[in-house]
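Residues per chain, in single letters:
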Number of protein chains: 2
Amino acid sequence: MIDINWKPDKNSSVTLYKQIVNYIIREISTGNFVIGTKLPSQRKLSEMLGVNRSTVVEALDELKSRGFVEGKGGGGTRIINNTWSLLSSTSKLNWENYIDGSIHKPNLRTIQMVNKLEYEKDIIRLGTGEPGPELFPQDMMSKILNKYSNKIKSLGYLEAKGLLELRKILSQYLKNYGINVSPASILIVSGALQALQLISLSLLPPGSRILMENPSYLKSIHIFQSLGMNLAGLKMDNEGIIPDEISKNSGKKVNTLLYTIPTFHNPTGIVMTENRRMEILNTCESYRIPIIEDDVYRELWMDELPPMPLKTKDKNGNVLYLGSISKSLAPGFRIGWVVGPEHVIDRLSDIKMQTDYGSSSISQLILAEWISSGFYTEHLEKLRIQLKHRRDKTLEILSENFKDIALWNIPKGGFYIWLKLKCNISMNKLFLEAIKEKILINPGNIYDFSNNQHLRISYSYVSNSDMEVGLKKLSYIIRDLIKQEDSC
Amino acid sequence: MIDINWKPDKNSSVTLYKQIVNYIIREISTGNFVIGTKLPSQRKLSEMLGVNRSTVVEALDELKSRGFVEGKGGGGTRIINNTWSLLSSTSKLNWENYIDGSIHKPNLRTIQMVNKLEYEKDIIRLGTGEPGPELFPQDMMSKILNKYSNKIKSLGYLEAKGLLELRKILSQYLKNYGINVSPASILIVSGALQALQLISLSLLPPGSRILMENPSYLKSIHIFQSLGMNLAGLKMDNEGIIPDEISKNSGKKVNTLLYTIPTFHNPTGIVMTENRRMEILNTCESYRIPIIEDDVYRELWMDELPPMPLKTKDKNGNVLYLGSISKSLAPGFRIGWVVGPEHVIDRLSDIKMQTDYGSSSISQLILAEWISSGFYTEHLEKLRIQLKHRRDKTLEILSENFKDIALWNIPKGGFYIWLKLKCNISMNKLFLEAIKEKILINPGNIYDFSNNQHLRISYSYVSNSDMEVGLKKLSYIIRDLIKQEDSC
Ligand SMILES: Cc1ncc(COP(=O)(O)O)c(C=O)c1O
Ligand SMILES: Cc1ncc(COP(=O)(O)O)c(C=O)c1O
């Protein structure tokens, strides 16, 4: 049992809890406190050290988050690392401190498994959110590379905001959606995901609250949470986010921001209606809540054009607008863009420079050629038809095999069908059983932790015949589990 | 004057200082405390609230770093923001909290100016650290793109560690330096800069100490500092870091890591000798200090091959090895790599996936072709000759124009000459005067904040004729300033 004959100096300008942290680390480093030893209880420590219990709690929290101790309260805190074992082991690393362990770890594991299994041979990927290899416009790409091959005169570091030529082209292209911005208000990023990272690194104090649809793609990534933000899910109906949910969930004491995917929402496929867009914009304006509009699926409409972006109606620079070439052409470019007020874009681009000195110039040059040559528009027209075929076929297969066991939406665009099982079975079991049959699914609890009845089916990736084989097998597995678990 | 009739709850599990922070933010948000108002002095606050002064200091520090108040002590703390003005303004943003304002801001400004002025017309860039446009192997690139144009079958998201084919090629290539690793121990990144960001995000607790050469490239970027690490500069001699400096500067109570550029050091051009490499490795091993070896200039030797990397002799997985294609081929690829123990690479690649889903596949595919086709080696042979010509010419120009006013090294490779002025003039003035004459220089205090007598000349970027014009003009400006400041 550890004995402490030391007390913090109450007259020091160093806070009491910091003094305690430093003292304990010193004792651990010098070997006086040995790995494996228990610390005295919080009450005892507060007596021994002559400080409030809250000060002890704070010191232990810091030691815990820095990986020196583990356990909680009641004499259960144990020394588990010294400085070296900490630095050399990767079991307990800084960024994890930010993540609420109990919520994130299981999902992280599923996602890591998905990321890995995707590259297994012969696996049928029913949930993958990208255009499949057959949808890649190989001929056009080949023409563009050929035409472009002797035009690359040099490949230096670029301006902070990205290739000017590409930003000019995008500034022009965005006019199609009623968005009128200069190239200086556009930042090229390495995919929309990076935009989210830059926003959380450069615009948001930790502790900010992020409102988002529930479920949401955002839940499946850890960027905001890793950097200390809190997520709050908003209820949706068929027209998108229910406006009252915003006022109900806006933080009173913290900075609040709305992240939304209004067009062909991931994972539900919902399109926010025109009216709803105005309501959301107005509500956010009156509550002074900035908006991130993630619009990466916009181009992929099938039956009719979706309503214009929120950004189109944004008079006060309240909306940061995200686009990407990942879904409509190919993720391998790793190119996306952020559009917003120039001073915000300046800030984001300064951080981007400190992060990676800009995105691939090769990708940017080739993408500029894609758009300016007209090939991109031509490709989109074909892609929409192909996706529509795939969607229709998938809906047909679902009707034939899932009518009695599931409900689903009919998406008007994008990649996703949000399948709701009628009976409660363990999604985790389903996920693992499916893998045994070489079928990879995206369980719904990736997008909504409390959700155990949904899965996201993507018709963008697999061929129609694989879709048929995969979904049929999946329906058998589900029926088996329902029987086993006797859950209907 | 603000009056406070509230006291923190000493029995609460929330720490006193947090309670105070929350209270003040609440009062600011509700408008009870108005922007512009002064807070009572620290002493008064500590009386009013019934807490230690250190608790007040801590609360004010947090409020300050979150941008709610400014000023220090003695009744001088003033409310400057409410939550909304904070979120909407970009003047005071989270990441800045991490940066030691007084040290970094001026340099950041210089670097921002450099970043911007580089794209001005007709400016002569004497400090730019990249191969100039004339050194870009346009013909080879064109051949590769042509040959490759119909080989791109799809461009999906890639495996977390990057294109397997490229990692295999690199694993093979690294054998040239005695580094024997499997592709699973290599992570492809978007340039070596991103590797540093990933390392600081995923391996280091805030508060870690980073040892590095003084001066160092590392000082000119803000990644480690932004994420809460402390930098400590180590003295060098002509053989590299002086080993005793490591023990002298290693943290006793904090995690310590060594960042080094042993080969063609940026900005001094120094090459660490074979013996010194062993000494540094051994010292670090005995102090259990992991090493980041930044080896991006290795290929650019001129007179003789440099000693093998530290990594070559690293038996215990103590070294993370960084490479990049930026300096030896072109920065526009935005491709670099990290080599290290597999579990560390796993960790880094998991964070990379959460950051940007991997680097440009186009860049990776084309680079793989560059290396496997043999074009890369062929290019390097030419590049070395061209760089040597440029170096020799630059040394000649220096001899003709700077002999009486400066000293410099003769670099054996890389891009840089570290010019030391014999007289003390204001580098800031020199920087601004040079800009007037359309000459852009990299002042030495970017790499060593206390250094006011050096500049980094890079012979990689400008043509010989521009170098002659630029350096001549620069020598006149320096002579003028010496006269004006009467500083010799
Ligand atoms: C809504 C949404 N936003 C952003 C992304 C990330 O796309 P990118 O490849 O542009 O980073 C995705 C991809 O899964 C997505 O579904
Ligand atoms: C020592 C050193 N490391 C890393 C980098 C960054 O290179 P990259 O373009 O690979 O990010 C540079 C470039 O300035 C450098 O000088």
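Above this note sits the structure.
Residues numbered from 1 in each chain as written. Chains lettered and ligands numbered in written order. Predicted model: local features only at pLDDT ≥ 70, side-chain atom pairs only at ≥ 80, totals over all residues. Heavy atoms only, no water.

A. Main features of the packing of helix α7 (residues 138–148) of chain B against helix α16 (residues 375–402) of chain B. Residues and elements named next belong to chain B. Interhelical geometry of α7 versus α16 gives an angle of 175 degrees and a closest axis separation of 11 Å. As the angle between them shows, α7 and α16 are arranged roughly antiparallel. When α7 is examined against α16, the residues M140, K143 and I144 are found in contact with a partner set consisting of F375, E378, H379 and K382. Looking at the contact of α7 with α16, its residues break down into 3 nonpolar, 1 polar and 3 charged. (Axes fitted to C-alpha atoms, helices over the stretch in contact; angles between N-to-C directions. Helix = DSSP H or I, 4+ residues; strand = E, 2+ residues; numbered from the N terminus. Parallel < 35°, antiparallel > 145°, perpendicular 65-115°, else oblique. Contact = heavy atoms within 4.5 Å. Nonpolar A, V, L, I, M, F, W, Y, C, P; charged D, E, K, R; others polar.)

B. Main features of the interface of chain B and chain A. In this complex, chain B contributes 95 residues to the contact, which on the side of chain A involves 95 residues. At the boundary of chain B with chain A, total buried surface from both sides reaches about 8,300 Å², with 56% on carbon and sulfur atoms. Counting the contacts that link chain B with chain A gives 0 salt bridges. The greatest single-element share of the side of chain B that touches chain A, amounting to 9 residues, is contributed by helix α14 (residues 342–356) of chain B. Residue classes in the side of chain B that touches chain A are distributed as 40 nonpolar, 41 polar and 14 charged. (Buried area = accessible area lost by both parts, 1.4 Å probe. Salt bridge = Lys/Arg side-chain N within 4 Å of Asp/Glu carboxyl O.)

C. Expanded view of the site of ligand 2. Every one of the 16 residues lining ligand 2 counts as a neighbour, but A:Y157, B:D294, B:Y297, B:S324 and B:S326 are closest to it. Looking at what sits near ligand 2, you find residues from chains A and B. Here an oxygen atom of ligand 2 sits 2.7 Å away from a polar atom, N or O, in the main chain of B:A192. Within the contact set of ligand 2, an oxygen atom lies 2.9 Å away from a backbone nitrogen or oxygen of B:L193. Protein burial of ligand 2: of its 400 Å² of free accessible surface, 97% is covered by the chains. Taken together, the residues of the shell around ligand 2 break down into 9 nonpolar, 4 polar and 3 charged. (Near = heavy atom within 4 Å. Polar contact = N/O pair within 3.5 Å; in protein donor to acceptor, adjacent residues only side chain to side chain. Areas by Shrake-Rupley, 256 points an atom, 1.4 Å probe, with all protein chains shown as cover.)

D. Up close: the relation of the copies chain B and chain A. Taken as rigid bodies, chain B and chain A are interconverted by a rotation of 180 degrees and an axial shift of 0.1 Å, the fit giving an RMSD of 0.2 Å. Look at the turn and shift together and you get a two-fold axis relating the two. Every residue of chain B has its C-alpha some distance from the rotation axis, and the shortest such distance is that of B:N146, at 2.7 Å. The overlap is high: 98% of the interface residues of chain B also sit at the interface in chain A, so the same surface is used on both sides. (Least-squares fit on C-alpha atoms with pLDDT ≥ 70 in both.)

E. Structural detail: the pairing of strand β10 (residues 291–294) of chain B. Residues and elements named next belong to chain B. Alternating positions in β10 separate into two faces, I291 and E293 on one and I292 and D294 on the other, with burial throughout. A crossover connection joins strand β9 (residues 256–260) to the parallel β10 through helix α13 (residues 274–286); in handedness this β-α-β unit is right-handed. Bridge count between β10 and strand β11 (residues 319–324): 4 bridges; the pairing is parallel. Bridging across to β11, I292 finds its partner in L320. (Buried < 20%, exposed > 50% of the residue type's maximum accessible area, 1.4 Å probe, protein only. Right-handed = clockwise from strand over helix to strand, strands pointing away. Pairing = 2+ DSSP bridges.)

F. Quick peek at the packing of aromatic side chains. Considering all chains together, one arrives at 18 aromatic pairs over all chains under this definition. Between A:W370 and A:F375, the ring centres sit 6.3 Å apart and the planes meet at 65 degrees, which makes this aromatic pair edge-to-face. The same class applies to A:W370 as to A:F375, namely buried. A network of ring pairs unites the aromatic residues A:Y173, A:Y177 and A:Y376 as a single cluster. The aromatic ring of A:Y177 is capped on one face by A:R298, whose charged end is 5.3 Å from the ring centroid. A cation over a ring is seen here: B:R125 above B:Y461, with NZ or CZ 4.1 Å from the ring centre. (Phe/Tyr/Trp six-rings, centres within 6.5 Å; stacked < 30°, edge-to-face > 60°. Lys NZ or Arg CZ within 6 Å of the ring centre and 35° of its normal.)

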